[in-house]
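Spelled out, the chains give:
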Amino acid sequence: MSLIDLANPSRFLALTARALPWLAAATVLAFAIGISQVYLAPDDYQQGATVKIMFIHVPAAWLGIFAWIVMSVAALGTLVWRHPLADVAAKAAAPIGAAFTLMCLVTGSLWGRPMWGTYWVWDARLTSVLVLFLMYLGVIALWRTIDDPAQAARTAAILTLVGAINIPIIKFSVDWWNTLHQPASVFRLGGSTIHPAILVPLIVMAVAFTLLFLTLHLAAMRNEIMRRRVRTLMMLQAGARMGP
Amino acid sequence: MTALCALLVRDLRLAVRVGGGALTGVLFFLIVVTLMPFAIGPDLALLARMGPAILWLGALLASLLALDRLLAMDHEDGSLDLILTAPVPLELAVVVKAFAHWLTTGLPLVISSPLLGLLLNLEAKASGAVALTLLAGTPALTFIGLIGAALTVALRRGGLLLAVLVLPLTVPVLIFGVAASNAAITGPVPFGAPFGILCALTLISLVIGPLAAAVALRQGLE
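Residues numbered from 1 in each chain as written. Chains lettered and ligands numbered in written order. Predicted model: local features only at pLDDT ≥ 70, side-chain atom pairs only at ≥ 80, totals over all residues.

**Brief notes about the overall build of chain A**
Broken down by element type, chain A carries 6 helices and 0 strands. From first element to last, N terminus to C terminus, chain A shows the α and β order α-α-α-α-α-α. Scored against the burial criterion, the 244 residues of chain A give a buried share of 33%. A fraction of 80% describes how many contacts in chain A between residues 6 or more apart in sequence connect residues 24 or more apart. (Helix = DSSP H or I, 4+ residues; strand = E, 2+ residues; numbered from the N terminus. Buried ≥ 20, exposed ≤ 12 C-beta atoms within 10 Å, placed from the backbone. Contact = placed C-beta atoms within 7 Å.)

**Quick look at helix H9 (residues 171-185) of chain B**
All names here are of chain B. Helix length check: H9, at 15 residues, gives a terminal C-alpha distance of 21 Å against a target of 21 Å (1.5 Å per residue), a fit within 8%. Of all 15 residues making up H9, 14 are buried, and the element is well covered by its neighbours. Looking one or two residues past H9, Gly187 carries a phi angle of roughly 75 degrees, positive in sign. (Expected span 1.5 Å × (residues − 1).)

**What to know about the packing of helix H3 (residues 44-66) of chain B against helix H6 (residues 90-119) of chain B**
Between two packed helices, the angle of one axis relative to the other and the distance separating the axes together describe the packing. All names here are of chain B. Direction vectors running N to C along H3 and H6 enclose 155 degrees, while the axes themselves pass 11 Å from each other. Here H3 lies roughly antiparallel to H6, going by the angle between them. Both H3 and H6 take part in a crossing whose hand is right-handed. Taking contact as the criterion, the partners of Gly51, Leu55, Ala59, Ala62, Ser63 and Ala66 in H3 are, on H6, Thr105, Gly106, Leu109, Ser113, Leu116 and Gly117. Of the residues assigned to the contact of H3 with H6, the class counts are 6 nonpolar, 6 polar and no charged. (Axes fitted to C-alpha atoms, helices over the stretch in contact; angles between N-to-C directions. Parallel < 35°, antiparallel > 145°, perpendicular 65-115°, else oblique. Left-handed = near helix turned anticlockwise from the far one by under 90°. Nonpolar A, V, L, I, M, F, W, Y, C, P; charged D, E, K, R; others polar.)

**Details of the interface of chain B and chain A**
In this assembly, 19 residues from chain B lie in contact with 21 residues from chain A. For the side of chain B that touches chain A, the secondary-structure elements that each account for two or more residues are helix H7 (124-152), helix H8 (159-169), H9 and helix H10 (192-221) of chain B.

**So, the packing of helix H4 (residues 124-145) of chain A against H8 of chain B**
In the contact formed by H4 of chain A and H8 of chain B, the axes pass within 9 Å of each other and the chain directions differ by 150 degrees. Between H4 of chain A and H8 of chain B, the crossing angle belongs to the class labelled roughly antiparallel. Relative to H8 of chain B, H4 of chain A is oriented so that their crossing is left-handed. Taken together, the residues of H8 of chain B that come into contact with H4 of chain A (itself represented by Val131, Leu134, Met135, Gly138, Ala141, Leu142 and Thr145 of chain A) are Leu161, Val164, Leu165 and Pro168 of chain B. In terms of residue class, the contact of H4 of chain A with H8 of chain B is made up of 9 nonpolar, 2 polar and no charged.

**Comments concerning the environment of Val58 of chain A**
Residues and elements named next belong to chain A. Considering the arrangement of structural elements, one finds Val58 in helix H2 (residues 54-81). Among the residues examined, Val58 registers 18 C-beta atoms within 10 Å and is labelled partly exposed. Sequence separation of Val58 and Met103 is 45 residues, and the distance between their C-alpha atoms is 9.9 Å.

**Examining unusual backbone geometry**
Notably, Arg82 of chain A is not glycine yet its phi reads approximately 55 degrees, a positive angle. Here Arg82 of chain A shows up in the loop between H2 and helix H3 (84-116). Under the C-beta neighbour-count criterion, Arg82 of chain A is labelled partly exposed, with 13 such atoms within 10 Å. The backbone of Asn121 of chain B shows a phi angle near 65 degrees, a positive value even though the residue is not glycine. Within the fold, Asn121 of chain B resides in the loop between H6 and H7.

Encoded structure:
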């Protein structure tokens, strides 16, 4: 079965109906392993138990970026191949990506309160994640503003690709801006010198988050396809009521 | 080439004669700068320190507000459809339109900025630095805004959405515009480094803006 066969929504729905329970079970299993490992992981000698926020915070940040990459690939599918499923994939990924980004921001500021003494600092990383979150909201707003699904998909696809080019530039600019204003004081994980006792649970949690994203994404795509079917049926019904 | 020149002359003429274009933007800029001391107090030293940031924010907002007339009026009277079907490449046509828009809205902001710098207690050198960075940076604002204008041109309630889509993309321009101005005034960073990056950002937006806008307009036509 190739990618083009999935353009048939019925086939996609049938396939995902079979795959989703397995994916959901794998997600639960990965979270069970991940959370138990996080529970057993040692506290940081400086940060104490708050370091465990990292096991949610860092995977959420990765997934926030990963969702934009998924949207960009889907945007190419929309603009280049006119793949109908790409529209659905892009639309379904946006709110999930925004949710992960928001989770990253919220856990980050909860972590910052005990560590830095404030919920928010204009640190380069925080700021660029905030801008990413704003761009997610912009894409969602664009999706919701245009009524016609196909036109909304193409317009949002262009914005997604422009964002994909701009996000690294924004990240780089914010880094420059921050180092200009308050050098040193920037929070670091200490490069790659993370102890395996911390690194292994982190990787397991990242896998669990990725599985969670895939599960939610496929479920949201199914919902979107069904929502479009309902929309078409209602329009047909309205057309029939109006008479020929 | 003659078609593009004709388009440029037409847009300039429309901007000057229909009225409300260039001077309203400058007026808005003036009002924003006037409001600032009311909000942060009449302390001249503080105003001088914040001057470049205030001028940049004012110019950013003024050029943002002017964006809805970049393509919307042509969409309303149907001339945008003519431009779309013309043999001239759409990418070049939107470059010319954005350039004309910058000449009539961006350039007046640049020219008026030294005058507004006086209100903010900026020295001549500082005002010159801000004007120079605005000259290098406002084209980037126009060409980034061009993308937003093309994406929202067919929407009836696109005004606020346009701002929401465009403003996050202007973060780098704002950062390097203000950084270059401050570098020229107080240092310690040499002026050339942020200013060079600001010019690079303008050149990048000069490429990405028209390409994305042309794709958006073609998609919107279908």
